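Listed here are the chains, written in short residue letters.
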Amino acid sequence: MKQFKGRVIAEGEVKAPALVSHGGLNTLASFQKALQFGDKKATCGDQNNPDLYGKQMVGTALCLPQTIGSTTGGLVLYCACAMKRQPACMLFSKPIDSLAAAGAVLADVWVDDVTMPVIDSLGDEFLEYVKDGMTITVDIDGTVTVED
Amino acid sequence: MAMLLNEEQQAILNGSKGETMAKVMKTMVKYGEIFGAERMVPVTSKYNHLVTSFGLKAMTAVYELMDQLLEAGVASGQKFTVDPRPIDKNVPANLLQKAIFNLAMYTKQEEYEEQLKKLGLLSDSSFTCTCYMDEVGNKPQYGEVLSWAESSAVVYANSVLGARCNRNSGIIDLMGSIVGYVPEFGLLTDEGRRAKWVVRINTEKKPEAQLLGSAIGMKVMEDVPYVIGLDKWLGNELDDAACTYLKDFGAATASNGAVGLYHIDGLTPEAKNFGHDLILEGAEEYVIDDAELERVKASYPVIWKNKNAKPKLCFMGCPHMSLEQLKTWTVRVEEGLKASGNKKVVIPTVFTASPAVLEAFSKTEFADRLKATGVITSYICPLMYMNNPLCKSMPVITSSNKLRTYTSARYYTDDEILSEITKGGNN
């Protein structure tokens, strides 16, 4: 078991299995097919992300460095939240990027019944340590506990 | 850190212009606070640019939010351009594709375009990702502050025009314009525009714009690169050819990574004004030679079901082509066909450009010549065209690294594309 402390972008408590992307998460490429074609598990459609491609993202603790790609990114995250196809939480090893931040803020301000804790600045060691399937617990103060 | 708002901004946040406007301001303030913005600054560009142009059924949440804004009467004071339309009947599609586009995917298109008109769409032909083209007319001035989205347009406005804009997301683009303020952080600040990377170009030939941009994007991710040695190939003036090159280069940096601003030594405005002073102390270095570009190209996965399939469609113009590019490519296609002995392109080929550029092109002698080669022109967004499950099994080729990144399209260099469409490969 190991604990990491990050900055709280959107607060909340959650426990979920880890899903790890070592490269940047291309939000549009990852979510677009899931949103368009009724995939309630949000299977990642990004061919350029070997860590996530073909894996289900809903309900996971999505661990990543940052998001990349199209500036529809925040809007796509907002839609995923509004449609309840979002990850259980998003955990960034680096400071959050402007697109993911927009998604987190839009979901927080404009979607009433969905909580998706978002923590950033967890550090490179977090992403090196965490593996797919490990159990992640997020506390309200931004403490992230990773268990085998 | 709490942001310091002026009296007007605080009043809006407190509800002086209604509950919905207060939520819009709250969104922009929270967005800025995440990045340590200390204040909001006025949006100073004449026009805005929005990224969301498509009436996707799945985006219902967006349209509902737009309705909320319209019902509250909080439309932007700025007119805006918007990304390209997702459908054009000129582009080849089989019956099944047409059914999916019209009956399953873009069923909200008409409804959404009505919303855009009410929110301040500049004109019915303002659908393009290259709004900064002279023919379109949404070209910000040096130093102006924008609330734009669309990664390729933002990186162009920042880098080639010297405007100031963060890589805003869709919806944030509109909300900044509605309140008239954006939080000051990142690429809006002098410090945020300095380079964390020095990229040295040591190639023996002019690097392919889309490939070079991809290599740099994947290396520097969201950081600002200062590129040295590219002016050897592009010159020191931002003429049509250089701007076209930088359009494609920038789109690749922004989509293969998350670059919002680059400086080209001796060419782009801030590099000319401030030179190497833009490079931060301790900046990392990335040297690019021909072998490195080959390595990057070879790393692209080919996800066609049949990797050796004969291409069924070729897309050029993601981002939309410039007038200069349409003319140059008309000549290239003609010469390619002449060399191969073919009369028309051997793969259905679509060149995409903004409605305004296409109109300008139609008035040139090149328009009929291009038509004679069999190439189709369209205002469509190739990315949106390919956003359907049928396209994964459809072998589409492109020289756009943005299209490659987001879809199953296979990347070829410009020369390879020319060979494919005029000869059918290198055979």
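Scroll up to find the structure.
These numbers come from a predicted model, not from an experiment.

**Things to note about the overall build of chain B**
- When you go through chain B residue by residue, the secondary structure sums to 18 helices and 13 strands.
- Taken against the 2.2 N^0.38 rule, which gives 22 Å for 427 residues, the C-alpha radius of gyration of chain B at 22 Å falls within 12% of a compact globule.
- Principal-axis analysis of the C-alpha atoms places the extent of chain B at approximately 70 × 55 × 40 Å.
- Looking at chain B residue by residue over its 427 residues, the buried ones come to 61%.
- A separation of at least 24 residues holds for 79% of the contacts in chain B among residues at least 6 apart in sequence.
- As displayed, chain B offers around 16,500 Å² of accessible surface, 49% of which is attributable to carbon and sulfur atoms.
- Where the 46 positive side-chain charges of chain B centre and where its 52 negative ones centre are 7 Å apart.

**Some points on the pattern of salt bridges**
- Scanning all chains against the criterion turns up 25 salt bridges over all chains.
- Its salt-bridge partner being D108 of chain A, residue K30 of chain B comes within 2.5 Å of it at the nearest N-O pair. Taken together, the residues span two chains, with K30 of chain B in helix α2 (residues 19-34) and D108 of chain A in helix α3 (residues 98-110).
- When its relative accessible area of 27% is taken as the criterion, K30 of chain B is described as partly exposed.
- Look at D108 of chain A and you get partly exposed, because its relative accessible area is 42%.
- A salt bridge links K272 of chain B to E237 of chain B; the nearest nitrogen and oxygen atoms lie 3.9 Å apart. Taken as a pair, K272 of chain B in helix α11 (residues 269-274) and E237 of chain B in the loop between α9 (231-234) and α10 (240-256) lie far apart in primary sequence, 35 residues in all.
- Look at the salt bridges and you will find they share partners, linking R85, E113 and D124 of chain B into a network.

**Observations concerning the sheet that holds strand β10 (residues 349-353) of chain B**
All names here are of chain B.
- The 5 strands lie next to each other as β11-β10-β9-β12-β13, forming an open sheet whose pairing is parallel. The outermost strands of the open sheet, each flanked by one partner alone, are β11 (376-378) and β13 (410-411).
- Sheet analysis places β10 next to β11, joined by 3 bridges and oriented parallel. Pairing of F351 across the sheet is with T377, part of β11.
- On top of the sheet, helix α18 (residues 414-423) reaches β9 (313-321), β10 and β12 (396-398); it is set at about 140° to β9, its chief contact.

**Points about the sheet that holds strand β8 (residues 279-288) of chain B**
Residues and elements named next belong to chain B.
- Here we have 4 strands laid out as an open sheet, ordered β7-β6-β5-β8, and parallel in their pairing. Of all the strands in the sheet, the pair left with one neighbour each is β7 (263-264) and β8.
- Here 2 bridges tie strand β6 (residues 225-228) to β7, and the two strands are oriented parallel to one another. What sits directly across from V227, in β7, is I264.

**Overview of the environment of Q115 of chain B**
All names here are of chain B.
- Its place among the elements puts Q115 in helix α5 (residues 109-119).
- Those residues in contact with Q115, other than ones at most four positions away along the chain, are Y63, M66, D67 and L70.
- For Q115, the side chain forms a polar contact with the main-chain oxygen of Y63, separated by 3.0 Å.

**Some remarks on the pairing of strand β3 (residues 14-20) of chain A**
All names here are of chain A.
- Most of β3 is tucked away, with 5 of its 7 residues classed as buried.
- The sheet contact formed by β3 and strand β9 (residues 135-138) spans 4 bridges and is antiparallel. Paired with V14 across the strands is V138, a residue of β9.
- Of the strand pairs in this sheet, β3 and strand β5 (residues 61-64) are connected by 3 bridges, and their pairing is parallel. Note that in β5 the partner of L19 across the bridge is L62.

**Notes on the interface of chain A and chain B**
- Each partner contributes residues to the interface: chain A has 39 residues there, and chain B has 50 residues.
- Between chain A and chain B, roughly 3,600 Å² of surface is buried when both sides are summed, and carbon and sulfur atoms account for 64% of that area.
- For chain A, the biggest contributors to the area lost against chain B are Q47, T71 and W110 of chain A; these three give 21% of the whole.
- Where chain A touches chain B, the interface holds 1 salt bridge.
- Taken together, the links from chain A to chain B amount to 10 residue pairs in polar contact (both at pLDDT 80 or more).
- Counting only elements with at least two residues in the side of chain A that touches chain B, the list comes to β2 (7-10), α1 (27-36), α2 (73-82) and α3 of chain A.
- The dominant element in the side of chain A that touches chain B, judged by the number of residues it contributes, is α3 of chain A, at 9 residues.
- Residues that form the side of chain A that touches chain B fall into these classes: 21 nonpolar, 14 polar and 4 charged.

**Looking at the nonpolar core**
- Ranked by internal contacts, the top residues of the largest apolar core, which has 103 residues, are Y78, M90, W110 and V118 of chain A together with M59, F315 and Y385 of chain B.
- In this view, V118 of chain A contacts R7, V8, I9, A10, M90, F92, I96 and A104 of chain A; residues no more than four positions away in its chain are not counted.
- In this structure, L161, W197, C243 and I264 of chain B belong to the second largest nonpolar core, which totals 68 residues.

**So, the side chain of Q109 of chain B**
Residue and element names in this part refer to chain B.
- When you line up the elements, Q109 lands in helix α5.
- At a separation of 2.6 Å, a polar atom in the side chain of Q109 contacts the main-chain amide nitrogen of G55.
- The contact partners of Q109, leaving out residues within four places of it in the chain, are S53, F54, G55 and P86.

**Some points on α3 of chain A**
Residue and element names in this part refer to chain A.
- For α3, built from 13 residues, the straight-helix expectation of 18 Å at 1.5 Å per residue is met to within 8% by its first-to-last C-alpha distance of 18 Å.
- Extensive coverage of α3 is indicated by the burial of 12 of its 13 residues.
- When we look at burial in α3, the residues that qualify are S98, L99, A100, A101, A102, G103, A104, V105, L106, A107, V109 and W110.
- Its side-chain oxygen placed 3.2 Å from the backbone nitrogen of L99, D97 serves as the N-cap of α3.

**Points about the packing of aromatic side chains**
Residues and elements named next belong to chain B.
- Inspection of the entire model under this criterion finds 13 aromatic pairs over all chains.
- Note on F101 and Y385: the rings are 5.3 Å apart at their centroids and 50° apart in plane angle, and the pair reads as tilted. Separated by 284 residues along the polypeptide, F101 in helix α4 (residues 95-105) and Y385 in helix α16 (residues 382-385) bring together distant segments of the chain.
- In this structure Y385 comes out as buried when scored by relative accessible area, which is 1%.
- With a centroid separation of 6.0 Å and 80° between ring planes, the pair formed by W329 and F351 is classed as edge-to-face. In this pair, W329 sits in helix α13 (residues 323-340) while F351 sits in strand β10, placing the two residues 22 residues apart along the sequence. Of the two residues examined, W329 and F351, each falls in the buried class.
- Cation over ring: R85 sits above F127, and NZ or CZ is 3.9 Å from the ring centre.
- Directly above the ring of W329 sits R332, whose terminal nitrogen or CZ lies 4.8 Å from the centroid.

So, how was this worked out
Residues numbered from 1 in each chain as written. Chains lettered and ligands numbered in written order. Predicted model: local features only at pLDDT ≥ 70, side-chain atom pairs only at ≥ 80, totals over all residues. Heavy atoms only, no water. Helix = DSSP H or I, 4+ residues; strand = E, 2+ residues; numbered from the N terminus. Rg over C-alpha atoms; globule rule 2.2 N^0.38 Å. Buried < 20%, exposed > 50% of the residue type's maximum accessible area, 1.4 Å probe, protein only. Contact = heavy atoms within 4.5 Å. Areas by Shrake-Rupley, 256 points an atom, 1.4 Å probe, with all protein chains shown as cover. Lys, Arg positive; Asp, Glu negative; His and termini not counted. Charge placed at Lys NZ, Arg CZ, Asp CG, Glu CD. Salt bridge = Lys/Arg side-chain N within 4 Å of Asp/Glu carboxyl O. Pairing = 2+ DSSP bridges. Axes fitted to C-alpha atoms, helices over the stretch in contact; angles between N-to-C directions. Polar contact = N/O pair within 3.5 Å; in protein donor to acceptor, adjacent residues only side chain to side chain. Buried area = accessible area lost by both parts, 1.4 Å probe. Nonpolar A, V, L, I, M, F, W, Y, C, P; charged D, E, K, R; others polar. Core = buried A, V, L, I, M, F, W, Y, C linked by side-chain atoms within 4.5 Å. Expected span 1.5 Å × (residues − 1). Phe/Tyr/Trp six-rings, centres within 6.5 Å; stacked < 30°, edge-to-face > 60°. Lys NZ or Arg CZ within 6 Å of the ring centre and 35° of its normal.

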